[in-house]
Structures are given as C-alpha cells and as structure tokens.
Amino acid sequence: MSDTKSRIEVVDSLRGFAIMGILLLHSIEHFNFYVFPKNESQPDWLNQLDTIVWDSLFFLFGGKGYAIFALLFGFTFSLMYAKQKLKGIDFGARFAWRMVLLACFAFVNGMFFPGEVLLLYSIIGFVLILVRNLPDKWLLLIAILLLSQPIEWFHYVRHLLDENYLVPDYNLGEYWQMLKKGQLSNSLGELITMNTLYGHKVGLLWALNVGRMVQSAGLFVFGFWLGNKKLFSASSESIAFWKKLLLFSIVAFSVFYLVEMNFDFFSKKEVVRKSLLRAVNMYKNLAFTLVLVAGFVLLFQKEAIKKVLQKLSFLGRMSLTAYVTQSIMGGFVFYNYGLGLGPHIKHSLSFVVGIVLFVFQYQLCKFWIQKYKQGPLEKLWHKLTWIKF
C-alpha cells in the first residue's frame with residue numbers, strides 16, 4: 001500500500017472519528033437545547049450515571065472533535081493548494097470562493113442547529129489564503145502564536161497595567177434565551193427564524209469569547225503545515241513525529257490539567273479566570289486533541305486495529321454531508337417541532353439516542369459512498385468551487 005493511499009485513509013478515518021464525537025456530544029447536549037428533566041424525576045442511580053456519561057463524553061470530545069475537524073480542514077487545504085500549484089495555478093482566489101460557498105452551507109445548516117461551526121470556518125479560512133505562500137517554518141511559528149491564545153494574554157496584560165480593566169462581556173444570555181424560545185416552539189418556522197437571527201451571532205461571539213476562534217485559526221495553519229510536511233504518510237519519519245508528539249502532548253495535558261484543577265492557588269480574581277484560566281483550558285483541550293490525533297495515527301498502523309478504525313472513513317469521506325444531516329436529525333429528535341425528546345430525557349438516555357443516530361448515519365454514509373463514491377454536498381461543493389466565471 002502506498003504512502004499516499006495510507007495517508008488518505010487515515011485522514012478520512014480520523015475525520016469520521018471527529019464526526020462521531022461531535023454527534024455523541026451534541027446528543028447529550030440536545031444539540032444546544034439545554035432543557036432537561038429534574039433530578040427528582042429520576043432514580044439516584046440514573047442521576048449518577050448521567051453525571052458519569054456527561055463528564056466522560058466532555059472529557060473525551062468536549063472541544064476536541066471540532067479541533068480535529070479544524071486541523072484536518074487545514075490539511076485538506078494543503079492537498080488542494082499543492083495540486084493546483086503543480087499546474088501553475090494560485091489556489092488563493094478559488095479557495096476564497098470556496099469559503100463563500102461554505103458560508104452558504106453554513107446558513108442552511110444554521111437554520112436547524114444554532115451551534116454550527118461552518119460559518120466560523122468560512123471566515124477564518126481566509127487565514128490560509130494569507131499564509132499560503134509562506135515557508136513551512138513560518139507556518140509553524142504562526143500556528144504556535146495563534147494556538148498560544150494571544151487574545152487571553154492581551155486581556156491579562158491589560159489587567160496588570162490597569163486593575164480596573166474587565167474582560168469584555170458579550171451578554172450572550174439574551175441570545176441563548178431567544179434560541180431556546182425557538183427550540184421550545186412547536187413551529188419549525190419559528191425555530192428557523194430564531195436560529196437565523198441569533199444562532200450565528202451567538203456562535204461566533206461564543207467562539208471568540210472562549211478562545212475557540214483563534215485556536216481554530218491556529219489549527220488550520222498547523223494542519224496546512226502537517227500536509228506540507230507529509231506527516232500523515234506511513235513513512236518512518238512520520239511515525240517518529242507522531243510518537244514524539246504523543247509523548248509531548250500527554251505531558252502537556254497532565255500539566256495543564258493540574259494547573260486548571262488548582263487554579264485558585266494561583267488566583268481567584270474573576271478577570272484572571274476569564275483570561276489566563278481560559279487560556280489554560282484551551283491549552284489542555286489542545287494537548288488532549290493532539291493525544292487523540294497522534295494515538296489514532298499510530299493505532300492506524302496496526303493492521304488489526306486499522307480494520308476497525310478505517311470503517312469510520314465512510315463518515316469522513318462525506319463529512320460535510322454528515323455534519324449537516326446530523327444537525328437536521330438531532331434537531332428533529334430533541335426540539336419541540338419534531339419528536340421533542342429534549343425536555344424528557346437526560347444524559348444517559350440521550351447518549352443512547354446519539355448512538356442510534358450514529359449507527360443510522362454510518363449506515364447511510366456507507367451505502368452512499370459505496371454507491372456514489374462522494375457525498376451529495378461534497379459533490380455540489382466541488383462542482384461549484386470549480387465553476388467557470
């Protein structure tokens with residue numbers, strides 16, 4: 001098996017793993033519909049199980065599924081950019097058009113799920129255009145700079161210079177209430193209206209507020225660098241890289257986890273918690289994301305495990321379609337315009353529902369890929385990307 005084929009398989013499978021994680025996590029969150037039955041309505045053992053399920057899934061996938069998605073977004077750009085460069089074509093303008101198309105998909109997706117990430121990606125995707133011609137060493141430096149959470153450090157330094165400085169408050173609570181109003185409504189039209197008016201706004205402001213926006217930009221550039229260095233190949237150099245990264249990430253995660261758990265020892269000031277503690281949380285999530293990615297790539301080299309992991313490639317090969325359809329399915333299952341399960345089941349039962357949705361989506365993607373080789377939205381995106389102007 002060639003390195004190229006192996007590289008594509010591992011990336012498709014890893015992307016499928018991210019899609020699975022996002023779906024399962026969104027399911028216990030009821031797709032951002034935070035209405036749950038009271039603990040008093042359930043036996044104690046189920047409440048305890050709910051806590052375990054919630055904590056475990058957030059530990060595994062909270063902030064990590066989307067991070068893997070972002071990393072592979074940059075990697076895909078590297079493949080497309082390199083292919084066009086060989087033809088003597090600058091991919092910058094065409095990629096900008098591709099981001100405009102992605103924003104269109106985002107607006108459709110956002111009608112059904114007020115937490116979608118495609119609009120964010122379509123905006124920060126322009127970072128890749130800006131850095132596309134830079135040497136690899138500069139790409140890595142820029143990625144590290146963005147991943148260092150410079151905005152949070154800015155807030156912290158401002159506080160040191162001015163004790164009266166406060167981290168900006170975007171007052172997202174009002175927007176969340178309007179979104180909840182749409183989710184509680186029995187009208188699909190009202191849901192779409194509320195999601196369209198407030199969903200993207202609250203999503204972008206939330207991403208900026210918690211550091212997700214800058215981190216995603218950094219992961220885009222890091223993924224671009226990984227692609228340029230061909231580090232998803234099965235070469236001995238690549239395997240050595242992932243082993244070193246795995247060890248480094250485990251140590252980094254352990255350090256940041258301990259710092260976060262004991263942050264009161266360093267400071268109890270609210271402004272510090274809203275700056276440095278947020279940065280530490282993002283460092284911790286990033287480190288664990290890299291543990292997952294490096295571990296996945298290394299496990300993929302083991303034939304027995306590879307046979308299991310590569311089944312996820314059906315989802316990965318049509319990740320855009322899978323992401324949008326899970327938004328529609330999840331909303332229908334949990335919101336009141338559809339089955340309305342959200343207010344009636346908590347985390348454990350929601351997890352079971354998520355597994356059912358995943359199995360259904362997996363079978364659908366498997367059937368589609370085996371029959372048509374490419375997802376419907378992927379095909380549409382490709383055709384519109386290369387439309388002649």
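Throughout, residues of each chain are indexed from 1 in the direction in which the sequence is written. Local features are withheld for residues below a pLDDT of 70 in this predicted model, meaning they are given only at 70 or higher, and side-chain atom pairs are given and counted only at 80 or more; totals for whole chains, interfaces and linings count all residues. Heavy atoms throughout the structure, all of them, feed into the side-chain values; hydrogens and water do not.

**Considerations on the overall build of the protein chain**
So the rule is basically this: Put simply, DSSP marks the helices as runs of H or I at least four residues long and the strands as runs of E at least two long, and each gets a number from the N terminus on. Radius of gyration means the value over C-alpha atoms here, while the globule rule gives 2.2 Å times the residue count to the 0.38 power. Residue exposure (1.4 Å probe, protein chains only): buried if accessible area is under 20% of the type maximum, exposed if over 50%, otherwise partly exposed. Contacts are residue-level and defined by heavy atoms, with any inter-residue pair within 4.5 Å sufficient. A 1.4 Å probe and the Shrake-Rupley method give the accessible areas. Residues count as covered only by the protein chains that appear here. Within this scheme the basic residues Lys and Arg register as positive and the acidic residues Asp and Glu register as negative, but His and the chain ends are omitted. Charge coordinates come from a single atom per side chain, which is NZ of Lys, CZ of Arg, CG of Asp or CD of Glu.
When helices and strands are tallied, the protein chain shows 19 helices and zero strands. Its C-alpha radius of gyration of 21 Å places the protein chain within 12% of the 21 Å reference for a compact globule of 389 residues. Structurally, the protein chain occupies a C-alpha span of about 60 × 55 × 50 Å along its principal axes. The burial tally for the protein chain puts 52% of its 389 residues in the buried class. Across the protein chain, contacts joining residues at least 24 apart in sequence account for 80% of those joining residues at least 6 apart. Accessible surface computed for the protein chain: about 18,700 Å², of which carbon and sulfur atoms make up 67%. Side chains of the protein chain give 39 positive and 23 negative charges; the mean places of these two sets differ by 12 Å.

**Side note on the packing of aromatic side chains**
The relation between two aromatic rings is expressed through the spacing of the ring centres and the mutual angle of the planes. Cut-off, in case you're wondering: Note on ring pairs: Phe, Tyr and Trp rings are taken, using the six-membered ring of Trp, and paired if centres are within 6.5 Å. Classes follow the plane angle, with under 30 degrees stacked, over 60 edge-to-face and the rest tilted.
Applying the stated criterion across every chain, the model contains 42 aromatic pairs. Taking 5.0 Å as the distance between ring centres and 75 degrees as the angle between the ring planes, the aromatic pair formed by phenylalanine 75 and phenylalanine 232 counts as edge-to-face. Here phenylalanine 75 is found in helix α3 (residues 65-86), whereas its partner phenylalanine 232 is found in the loop between α11 (212-228) and α12 (236-261), with 157 residues between them in sequence. For phenylalanine 75, a relative accessible area of 2% gives the class buried. We classify phenylalanine 232 as buried; its relative accessible area is 1%. Ring centres of phenylalanine 253 and phenylalanine 288 lie 5.1 Å apart, and the angle between their planes is 50 degrees; on these two criteria the pair is classed as tilted. Here phenylalanine 253 is found in helix α12, whereas its partner phenylalanine 288 is found in helix α14 (residues 276-299), with 35 residues between them in sequence. For phenylalanine 253, a relative accessible area of 14% puts it in the buried group. Accessibility expressed as a relative area gives 10% for phenylalanine 288, which makes it buried.

**Concerning the environment of phenylalanine 126**
When you line up the elements, phenylalanine 126 lands in helix α6 (residues 126-131). Relative accessible area serves as the criterion here: at 36%, phenylalanine 126 is assigned to the partly exposed category. In this structure the C-alpha to C-alpha distance between phenylalanine 126 and glutamate 378, which are 252 residues apart in sequence, comes to 20 Å. Not counting residues within four places of it along the chain, the set of residues in contact with phenylalanine 126 comprises Ala96 and Met99.

**With respect to helix α2 (residues 44-61)**
Under the convention used in this document: What a helix should span is 1.5 Å times the count of its residues minus one. By definition, the arc is the one covered by directions from the helix axis to the C-beta atoms.
Taking 1.5 Å per residue, 18 residues should reach 26 Å; α2 reaches 26 Å between its end C-alpha atoms and fits that length. All of the buried residues in α2 are Leu46, Asn47, Asp50, Val53, Leu57 and Phe61. For α2, the buried positions fall inside an angular range of 120 degrees around the axis, keeping them on one side. With respect to the buried face of α2, the exposed residues turned more than 90 degrees away are Asp44, Trp45, Gln48 and Ile52. Glycine 63 lies just past α2 and shows a positive phi near 75 degrees.

**Here's the deal with helix α17 (residues 319-334)**
The end-to-end C-alpha separation of α17 is 22 Å, in line with the 22 Å expected for 16 residues at 1.5 Å each. With 13 of 16 residues buried, α17 lies mostly within the body of the structure.

**Considerations on the nonpolar core**
This is how the line gets drawn: Side-chain atoms within 4.5 Å are what join buried Ala, Val, Leu, Ile, Met, Phe, Trp, Tyr and Cys residues into a set we call a nonpolar core.
Counting 105 residues, the largest nonpolar core has Phe17, Leu118, Tyr121, Leu226, Phe232 and Trp242 as its most contacted members. Those residues within four positions of phenylalanine 17 in sequence are excluded, and the remaining contacts are Phe61, Ile68, Leu292, Phe296 and Leu312. Judged by nonpolar contacts, the second largest core, of six residues, contains Val167, Phe263, Val272 and Leu277.

**Focus on the pattern of salt bridges**
Convention followed: Salt bridges are identified by distance alone: a Lys or Arg side-chain nitrogen within 4 Å of an Asp or Glu carboxyl oxygen.
In total, this model carries five salt bridges according to the counting rule given. The partner of lysine 284 in a salt bridge is glutamate 260, with the nearest N and O atoms 2.7 Å apart. Taken as a pair, lysine 284 in helix α14 and glutamate 260 in helix α12 lie far apart in primary sequence, 24 residues in all. Taking relative accessible area as the criterion, glutamate 260 reaches 15% and is therefore assigned buried.

**Some words on the packing of helix α4 (residues 92-112) against α17**
For clarity, the cut-off: A fitted line through C-alpha atoms serves as each axis, taken over the contacting stretch for helices, and the angle formed by two N-to-C directions is quoted from 0 to 180°. Orientation is classified from the angle alone, with under 35 degrees giving roughly parallel, over 145 giving roughly antiparallel, 65 to 115 giving roughly perpendicular, and any other angle giving oblique. Crossing chirality is assigned from the near helix's rotation relative to the far helix, an anticlockwise turn below a right angle marking it left-handed and a clockwise turn marking it right-handed. Any residue outside Ala, Val, Leu, Ile, Met, Phe, Trp, Tyr, Cys, Pro, Asp, Glu, Lys and Arg is labelled polar, Gly included; the first ten of those are nonpolar and the last four are charged.
Interaxial distance between α4 and α17 falls to 8 Å at its minimum, and their mutual angle equals 25 degrees. Relative to α17, the element α4 lies roughly parallel. Helix-helix and strand crossings are classified by hand; for α4 and α17 the assignment is left-handed. Of the residues in α17, those in contact with Leu102, Phe105, Asn109 and Phe112 of α4 are Leu320, Tyr323, Val324, Ser327 and Ile328. Each residue belonging to the contact of α4 with α17 can be placed in one class, and the counts come to seven nonpolar, two polar and no charged.

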